[in-house]
Amino acid sequence: MLKQKWKKVLRGMFFSVILLAFSISVYAEEPDTSVAETKVSSYEMLKKAVEESQGETVLTVGSDIVLEEPITIKAGQNITLVDDGVARRISTDSQNKADRAFEVEAGGKVTIKTSIPGRNDLLVIDGQNFDMPGGAFEEGQIITCSGQFVLEGGTIENSNCDTARSGAIVVSGEEAFFHMTGGLVRNNFYENQYGGIIRVSCGATFNMEGGSISGNDTYPGGQVNNATIYVAAKEGNSSFQMNGGEISENHGFFGGVFLGEWLSPDYVSIASMEMNGGKIMNNKAERFGGGIMVCGQASLIMEGGEIPGNEALIGGGIAAYDLYYARGGSGNYDIETWKQFFPAEFVMNGGTISGNKAFDGDEENDGGCGGGIYIGSDSVVLNAGYITNNTAQRQGGGVYVGSVPYTLHMYNTLVTENTATILGGGLWFCPTGDAHKTVTNGGAIFGNTARSESGVETEAAGDDFAAVPQEGKEHFVTLADRMLGGGEAAWYKDGGVLSTEPDKGNVLGEPDGSARYD
């Protein structure tokens, strides 16, 4: 009896321990979802609240705040800034050396939002247009991010940055991630090189789902090699994905977006962009790429979205330029070797490029060329999409293919209602270099116009297509005899071109005054 009694006691103790262990295990697995909420009304309160925060913390801004020093978000911290329902402003203060508003270290996260979605005036991060010389590379005038930065709402404005490789917002490092779902980035200035309003570099990522980046200027005093969004191919593969939102009404040496490296390549990194939606519109570039410039170590994949109403000296909508001629590749390397390092890749699988303009000027030989797309690359494929209503004040209203041995592959793409004032309202292919320019597999090229500004028909040629030959060079152009939908395509001679021999000084081709197709 005694032996059996102890067995019962031990058995009960055993199950009690098991149940206790199970309850501890279940309790330990429950996540801590508590969020600390604190109201801050001064710089000191904001600084203290951030320094003491652990885990996820919401800081409600209850007054205008002037920062005496930058606020640092450290690894492990997750800070959300939101207004209290009243319009609030957080400003930098140059007198106290607040050369930026926020610094997000690797492993840290900051979110800026408003209490009422869409009311971006409720929380403004204001650089107050202070010109802060002597800043460090890869540091933003308003936000330096090596961790995570989320912009859901609010406004970032009035930055004036004059430091090279910098900008209002700098996202730098392999862990750095900027996610923009709303808000405004507007009225900021950049006055140096290799940066812009937003610089993405050293392996960082920028995803844009919504919001607006507009009314910014990176060319206020004639500065060069900059853009509104500058995705650098330097010390890592940096990327920009655009799924929504708007990049508009900006001005710079390059236009809305720059991808790549202009001057000092590392021969390894690639700056890439994938465009699935959104609009890049009404931007102006003083040189290449009113909408997007794809330069050297760069790749652009366009699946959707719109690129309308931009303008540039070269490539009103998009310019793809592999630097083969500018950086000494021609004569030293074959094109296949060169493009392994400097692909300047552009693949169009959908979307619309419309209403863009290449304006004439004396600054570059190709000024006024490529209203919709300027191609100076051997890695361009137009699989699908619409290229319409673009204008070139010289050659190539819709598409311009540059001089060295480049091949354009164009498939199910619509090119219509584009205009050039000299040659090739729809398409223009350059006279120099041995190149295969291929337009096959059911593209539709029709309804384009080549007309001089004076309106005299014989002062222009090639409404839909112009390929300008050069003495002693072989050129191959394949045009489909079927259009999209299976309709038959018939091609007719539409004017002629003067000799392009070097001593004639007619490198890009001029019309010879012969009769146009009626």
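Source: prediction; values computed, not measured.

Caption draft 1: Molecular detail of the overall build of the protein. Along the backbone of the protein there are 3 helices and 48 strands. Classification of the 518 residues of the protein by burial places 54% in the buried group. Partitioning the intrachain contacts of the protein with sequence separation of at least 6 by distance along the chain shows that 80% fall at a separation of at least 24. Within the structure as shown, the protein displays about 21500 Å² of accessible surface, and the carbon and sulfur contribution to it stands at 49%.

Caption draft 2: Highlighting the pairing of strand S1 (residues 36-40). Bridge count between S1 and strand S2 (residues 55-61): 5 bridges; the pairing is parallel. For Val40, the partnering residue across the bridge sits in S2 and is Val61. For the segment spanning S1, helix H2 (residues 43-52) and S2, crossover handedness is right-handed.

Caption draft 3: Quick look at the packing of aromatic side chains. Scanning the entire structure with this criterion turns up 20 aromatic pairs. Judged by centre distance (4.7 Å) and plane angle (15 degrees), the rings of Phe149 and Phe178 are stacked. Note that Phe149 is positioned in strand S11 (residues 148-151) and Phe178 in strand S15 (residues 177-180), a separation of 29 residues in sequence. Each of the two residues, Phe149 as well as Phe178, counts as buried. These aromatic residues form a ring-pair network of at least three members: Tyr230, Phe253, Phe254, Phe258, Trp262, Phe288, Tyr321, Tyr374, Tyr400 and Trp428. For the cation-ring pair, Lys284 lies above Phe359, with the distance from its terminal atom to the ring centre recorded as 5.4 Å. In this structure, Arg327 is placed above the aromatic ring of Trp262, and the distance from its NZ or CZ to the ring centre is 5.3 Å.

Caption draft 4: Here's a closer look at the sheet that holds strand S24 (residues 251-252). Strand order across the open sheet formed by 7 strands is S24-S28-S32-S36-S39-S42-S46, with parallel pairing between neighbours. Whereas interior strands pair on both sides, the edge strands pair on one side only; in this sheet they are S24 and strand S46 (449-450). Taken together, the 2 bridges between S24 and strand S28 (residues 284-288) define a ladder with parallel strand orientation. Along S28, the bridge assignment pairs Gly252 with Ala285.

Caption draft 5: Quick peek at the environment of Asp366. Among the structural elements, Asp366 can be located in the loop between strand S36 (357-358) and strand S37 (373-376). Accessibility expressed as a relative area gives 14% for Asp366, which makes it buried. Along the chain, Asp366 and Tyr400 lie 34 residues apart, while their C-alpha atoms are 9.8 Å from each other. A distance of 2.5 Å separates a polar atom in the side chain of Asp366 from a polar atom in the side chain of Tyr374.

Caption draft 6: Up close: the pattern of salt bridges. In total, this model carries 17 salt bridges according to the counting rule given. Between Asp121 and Arg119 there is a salt bridge, with the nearest N and O atoms lying 2.8 Å from each other. For Asp121, a relative accessible area of 40% puts it in the partly exposed group. Taken together, the shared-partner salt bridges connect Arg89, Asp126, Glu157 and Arg186 into one network.

Caption draft 7: Examining the confidence of the model for the protein more closely. On average, residues of the protein carry a pLDDT of 87, and 84% of them reach 70 or more. Note that residues 432-437 has pLDDT below 50 and, in this model, 29 contacts with residues that lie over four places away or in other chains.

Caption draft 8: Summary view of the pairing of strand S18 (residues 195-201). Where burial is concerned, most of S18 is hidden: 7 out of the 7 residues are buried. With 5 bridges connecting them, strand S14 (residues 167-172) and S18 associate as parallel partners. Residue pairing for S18: Val170 is matched across the bridge by Arg199. The sheet contact formed by S18 and strand S21 (residues 226-232) spans 5 bridges and is parallel. Bridged to Val200 within S21 is Val231.

What counts, and at which threshold
Residues numbered from 1 in each chain as written. Predicted model: local features only at pLDDT ≥ 70, side-chain atom pairs only at ≥ 80, totals over all residues. Heavy atoms only, no water. Helix = DSSP H or I, 4+ residues; strand = E, 2+ residues; numbered from the N terminus. Buried < 20%, exposed > 50% of the residue type's maximum accessible area, 1.4 Å probe, protein only. Contact = heavy atoms within 4.5 Å. Areas by Shrake-Rupley, 256 points an atom, 1.4 Å probe, with all protein chains shown as cover. Pairing = 2+ DSSP bridges. Right-handed = clockwise from strand over helix to strand, strands pointing away. Phe/Tyr/Trp six-rings, centres within 6.5 Å; stacked < 30°, edge-to-face > 60°. Lys NZ or Arg CZ within 6 Å of the ring centre and 35° of its normal. Polar contact = N/O pair within 3.5 Å; in protein donor to acceptor, adjacent residues only side chain to side chain. Salt bridge = Lys/Arg side-chain N within 4 Å of Asp/Glu carboxyl O. pLDDT = per-residue confidence, 0-100.

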